[in-house]
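# Understanding the architecture of this molecule
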Amino acid sequence: MCGIIGYVGGRNAVPVLLDGLQRLEYRGYDSAGLAVAGKEGIGVCRVTGRVAALREKTRDGTAMPGRTGIGHTRWATHGPPMLANAHPHRSGDGRFAVVHNGIIENYQELRQELTAAGCRFESETDTEVVAHLLGLAYRGDLPRAVREVTARLRGSYALGILCADEPGKLLAVRQASPLILGIGAGENFLASDPAAVAAFTREVIFLEDGEMAELTADSVRVFNRAGQPVAKKTDTVSWDIRAAEKGGCAHFMLKEILEQPLALKAALSPRLRDGEIMLDGLDLELSGIDRILITACGSAYYAGCAGRYAIEGLCRIPARVELASELRYGDPLIDGRTLLIVLSQSGETADTIAAVEVCHRRGAKVLAIVNVVGSTIARMADHVLYTWAGPEVAVATTKGYTTQLAVLYLFALYAGRSRGTIGEGAYRDYLAALEALPGQLEQALGMNPGIGRIVKEYARAESVFYIGRNTDYAAALEGALKLKEVSYIHAEAYAAGELKHGTIALIREGQPVVALCGGPAAEKTRGNILEVKARGARVLAVTEAEDEKTIQLADEVLLLPETLPLFRPAVQAVPLQLFAYHAARERGCDIDKPRNLAKSVTVE
Ligand code: M6R
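Quantities reported herein were computed from a predicted structural model and do not represent experimental measurements. All chains use their own residue numbering, which begins from 1 and follows the written sequence. In keeping with the predicted nature of the model, local features appear solely for residues at pLDDT of at least 70, side-chain atom pairs appear and are counted solely at 80 or more, and the whole-chain, interface and lining totals rest on all residues. As a rule here, side-chain values cover all heavy atoms of the structure and leave hydrogens and water aside.

## What about the overall build of the chain?
Operational definition: What counts as a helix is a DSSP run of H or I of at least four residues, what counts as a strand is a run of E of at least two, and both are numbered from the N terminus. This radius of gyration counts C-alpha atoms alone. The globule rule is 2.2 Å times how many residues there are, raised to the power 0.38. For each residue, the accessible area found with a 1.4 Å probe, counting protein chains only, is set against the maximum for its type, and the residue is called buried under 20%, exposed over 50%, and partly exposed in between. In this description, contact between two residues means that some pair of their heavy atoms is separated by no more than 4.5 Å. Areas reported here follow the Shrake-Rupley algorithm with a probe of radius 1.4 Å; residue values treat only the protein chains shown as occluding. We count Lys and Arg on the positive side and Asp and Glu on the negative side, and we leave His and both chain ends out. Charged groups are reduced to one reference atom each: NZ for lysine, CZ for arginine, CG for aspartic acid, CD for glutamic acid.
Counting its regular elements, the chain contains 18 helices and 26 strands. Expected size for 604 residues packed as a compact globule is a radius of gyration near 25 Å; at 25 Å, the chain falls within 12% of this value. Its C-alpha atoms put the chain at 75 × 55 × 45 Å along the principal axes. Counting every position in the chain, which comprises 604 residues, the buried fraction comes to 61%. Excluding contacts between residues fewer than 6 apart, the proportion of contacts in the chain whose partners are at least 24 apart in sequence is 72%. Accessible surface, the chain: about 22,400 Å² in total, of which carbon and sulfur atoms supply 49%. Counting 67 positive and 72 negative side-chain charges, the chain places the centres of these two groups 2 Å from one another.

If you want it as structure tokens, here you go:
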């Protein structure tokens, strides 16, 4: 979850590192630091807090000349977010500086051993053991020393390594943590993510587990664990760097909410041609599949919860959704007739990767629905459908989530069509509903100013309940998560019919309840609205324009354009995201970088 970057070339390294770190800040932001190889050895600068402070401390790089360097932005795992724990970490003699993303699981044993050998530790991190081990292993051959050291590490790591004795060189090594190389002219880069180097080059190499790269200004050499050279292919990243900038919005989150109609268009339009669905040459044989398991974490999991209804409803294959963090330690009933659908915006979530490994080993076919091209999950899967949402920077996912829904809907309809479980008329209706979704999200965005006003009544609440049934319940789960993560208001989503089994005890005068009400079960949800109102709740209903009965019952209403019930979560997402966004703004929260979170959860 930390972000790492490295540069070797003809420019002053620090401005390049700062630019990359700024773009990587979504991965963690509790401290930042960099190291540069200069005439006097390795210089290090670290700060607690954000990259902006590092920029100030290095005076935009003018205070730290040098053409080879590494940088880091941290999301604390081992040791609190304080200066001593900020990366880079150095070996005792100062000859090595190391930045690290991941977790060294056996660091305590190594630390004991190194302490006994006379090493003095300055931090509580797992990373520092790597710097000390390198200091002891190095005898003039850097790749060899790195191989020797990594052979002793257990866990996950993407490492950027700088050695004072070889100042024009960087070493990069990867095990279960993302790492790419950026290939420039007379300069080269390493980074956690292509976005970090996209301002300088679009040519990237994705390292695989166990691979190590040696970078100079003019050369990039990649080796396997045994030290043998590996021929790697270079990919061209097509993302427009401007898409990762705020473009006039106060926050990335708002910008990304507003981008959803376009993002959905990008996910859907190229795949809807002449009244048929074309899934990027997907050659999945559905006749061999008798169950579907969907797995993911966080919002992607909630997209799976909503998508399950579409899959079961349209292609009539039993489908179940399981949290990746649970699935990885379970004993799932999976075989060659199981299709695992894995959802991930980043494609780098550690628990999700582990769940895919477990299911793969048991013979499941894996279809990944992923946003980041070339990410680990995209490369592990047997089949990939990209969501084409473009870079998502805000920690709270918005367009990442709705494009996952769009692709799940596409897949469900495609599978229903090819299995013959959906009639021609219904197929045409669903297709039309799918094509209408981007426009409907646009319409829903029209509620933005109104939600900004309504939210004032709710922003001081200590907790908010979200209720709904079926797909409305799935949408409620995501709505509650959005509110929690950006506004820090406690929020719970409940299947509306479950309230009376216990949770209704918490409803008292003035308790805000967001009720998602629509579809065949709307009458029943209205019953639940009455129940909570009878106990003093203040109800904000999210429903469709024609739903007069619900409009009469609620204290406030958000009216959405009408779509088919299976697709409603995509439209409902918009007001729920805006509600969370405005509540967070009202409360003065750090919207794009909520406390304790990081965009890409690459640790377990
Ligand atoms: O990159 P992924 O989609 O795999 O990420 C999964 C979750 O970590 C992510 O959705 C998280 O819950 C977001 N912060 C929610 O906004």
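## Examining the site of the ligand
What counts, and what does not: Being near a molecule or strand, for a residue, means having at least one of its heavy atoms within 4 Å of it. In the analysis that follows, any N or O atom pair within 3.5 Å is treated as a polar contact, provided that within protein one partner can donate a hydrogen and the other can accept it, and provided that, for residues neighboring in sequence, both atoms belong to side chains. Ten residues, namely Ala, Val, Leu, Ile, Met, Phe, Trp, Tyr, Cys and Pro, are considered nonpolar, four, namely Asp, Glu, Lys and Arg, are considered charged, and the remaining ones, Gly among them, are considered polar.
Close to the ligand lie 15 residues, the nearest being S344, Q345, S346, T349 and E485. Within the side chain of T349, an N or O atom sits 2.4 Å from an oxygen atom of the ligand. In this structure, K482 approaches the ligand through a side-chain N or O atom, which is 3.0 Å from an oxygen atom. Calculation on the ligand without its partners gives an accessible area of 410 Å², and the protein chains cover 91% of this total. Listed by contribution, the elements that provide at least two residues to the shell around the ligand are helix 8 (298-315) and helix 15 (471-487). Among the residues forming the shell around the ligand, the class breakdown is 6 nonpolar, 7 polar and 2 charged.

## Some thoughts on the sheet that holds strand 22 (residues 463-468)
Here is the rule we go by: Any two strands between which DSSP finds at least two bridges are classified as paired. Between N-to-C directions, angles cover 0 to 180 degrees, with each direction set by a line fitted to C-alpha atoms, over the stretch in contact for helices.
Read from one edge to the other, the open sheet built from 5 strands follows the order 23-22-24-25-26, with strand pairing classed as parallel. In this open sheet, the two edge strands, each paired with only one partner strand, are strand 23 (490-495) and strand 26 (556-560). Pairs of neighbouring strands in the sheet enclose a mean axial angle of 20°, with direction left out of account. Two elements, strand 25 (residues 538-544) and strand 26, share 5 bridges in a ladder whose sense is parallel. In the strand pairing of strand 26, T543 is matched with L559.

## Details of the nonpolar core
Put simply, the rule reads: To form a nonpolar core, buried Ala, Val, Leu, Ile, Met, Phe, Trp, Tyr and Cys residues must be joined to one another through side-chain atoms within 4.5 Å. Boundary definitions for the domains trace back to an automatic or database domain assignment.
I292, I311, I341, F411 and Y466 are the most contacted members of the largest nonpolar core, which has 100 residues in total. Broken down by element, this core gets its largest block of residues, 12 residues, from helix 12 (residues 399-419). Both domains that meet at this core, namely domain 2 (260-445) and domain 3 (451-586), each give it at least three residues. Setting aside chain neighbours within four positions, we find Y466 in contact with A476, G479, A480, L483, A491, E492, A493, Y494, V514, L576 and F579. Among the nonpolar cores identified, the runner-up in size contains 28 residues, and L114, L133, V149 and F223 belong to it.

## A word on the environment of V486
The topology assignment puts V486 in helix 15. Residue classification places V486 among the buried positions, given a relative accessible area of 0%. Along the backbone, V486 and T48 are 438 residues apart, and their C-alpha atoms lie at a distance of 22 Å. In this structure, V486 is in contact with M253, A396, A580, Y581, A584, C589, I591 and P594, ignoring residues within four places of it in sequence.

## Notes on the packing of aromatic side chains
Note on aromatic pairs: each is described by the distance of the centres and the angle between the planes. What counts, and what does not: Only centres within 6.5 Å qualify two rings of Phe, Tyr or Trp (six-membered ring in Trp) as a pair; their planes then separate them into stacked at under 30 degrees, edge-to-face at over 60, and tilted for everything else. The rule for a charge over a ring is simple: NZ of Lys or CZ of Arg within 6 Å of the ring centre, and within 35 degrees of the ring normal.
The tally for this structure, following the rule as stated, stands at 8 aromatic pairs. On the basis of an interplanar angle of 45° and a centroid distance of 5.2 Å, the ring pair of Y386 and W388 is categorised as tilted. A residue is classified by how much of its surface remains accessible, and W388, at 36% relative accessible area, is partly exposed. Plain terms: the ring middles of Y409 and F567 are 4.4 Å apart, the flat faces sit at 25° to each other, and that makes the pair stacked. Taken together, the residues Y409 in helix 12 and F567 in the loop between strand 26 and helix 18 (568-586) connect sequence positions 158 residues apart. Grouping residues by exposure puts Y409 and F567 together as buried. Within the aromatic cluster, the residues linked to one another by ring pairs are Y7, F189 and F200. Over the ring of Y309 we find R308; its NZ or CZ atom is 4.9 Å from the centre of that ring. Above the plane of the ring of Y427 lies R417, whose end atom (NZ or CZ) is 4.0 Å from the centre.

## Focus on the packing of helix 15 against helix 18
Condition: In these notes the angle categories are as follows: under 35 degrees is roughly parallel, over 145 is roughly antiparallel, 65 to 115 is roughly perpendicular, and the rest is oblique. We call a crossing left-handed when the near helix sits turned anticlockwise from the far one by less than a right angle, and right-handed when that turn is clockwise.
At their nearest, the axes of helix 15 and helix 18 sit 9 Å apart, and the two run at 20° to each other. In terms of their interaxial angle, helix 15 and helix 18 are classed as roughly parallel. For the pair helix 15 and helix 18, the crossing hand works out as right-handed. Side by side, helix 15 and helix 18 meet where T471, D472, A475, G479, K482, L483, V486 and S487 of the first sit next to R568, P569, Q572, L576, Q577, F579, A580, Y581, A583 and A584 of the second.

## A short note on unusual backbone geometry
Backbone torsion omega between H87 and P88 reads -5°, so that peptide bond is classified as cis. Of note, P88 is situated in the loop between strand 4 (68-74) and strand 5 (89-90). Despite not being glycine, A176 has its phi angle at roughly 55°, a positive value. Position of A176 relative to the elements: it lies in the loop between strand 8 (170-175) and strand 9 (180-183). On the basis of relative accessible area, A176 is assigned to the partly exposed category, the value being 39%.

## Some points on the packing of helix 8 against helix 12
Orientation of helix 8 relative to helix 12, taken along the N-to-C sense of each, is 20°, at an axis distance of 9 Å. Judged on the interaxial angle alone, helix 12 and helix 8 are roughly parallel. When you trace helix 8 past helix 12, the crossing you get is right-handed. Two secondary-structure elements touch here, helix 8 through S299, A300, Y302, A303, G304, A306, G307, A310, I311, L314 and C315 and helix 12 through Y401, Q404, L405, L408, Y409, F411, A412, L413, A415, G416 and R419. Along the lines of polarity and charge, the residues of the contact of helix 8 with helix 12 split into 16 nonpolar, 5 polar and 1 charged.

## A short note on the sheet that holds strand 21 (residues 383-386)
Read from one edge of the open sheet, 5 strands run 18-17-19-20-21, paired in parallel fashion. Taken across any chain shown, the strands that pair with only one partner, and hence form the sheet edges, are strand 18 (319-323) and strand 21. This sheet shows a mean twist of 20° between the axes of neighbouring strands, independent of strand direction. When strand 20 (residues 365-370) meets strand 21, the two strands line up parallel, connected through 4 bridges.

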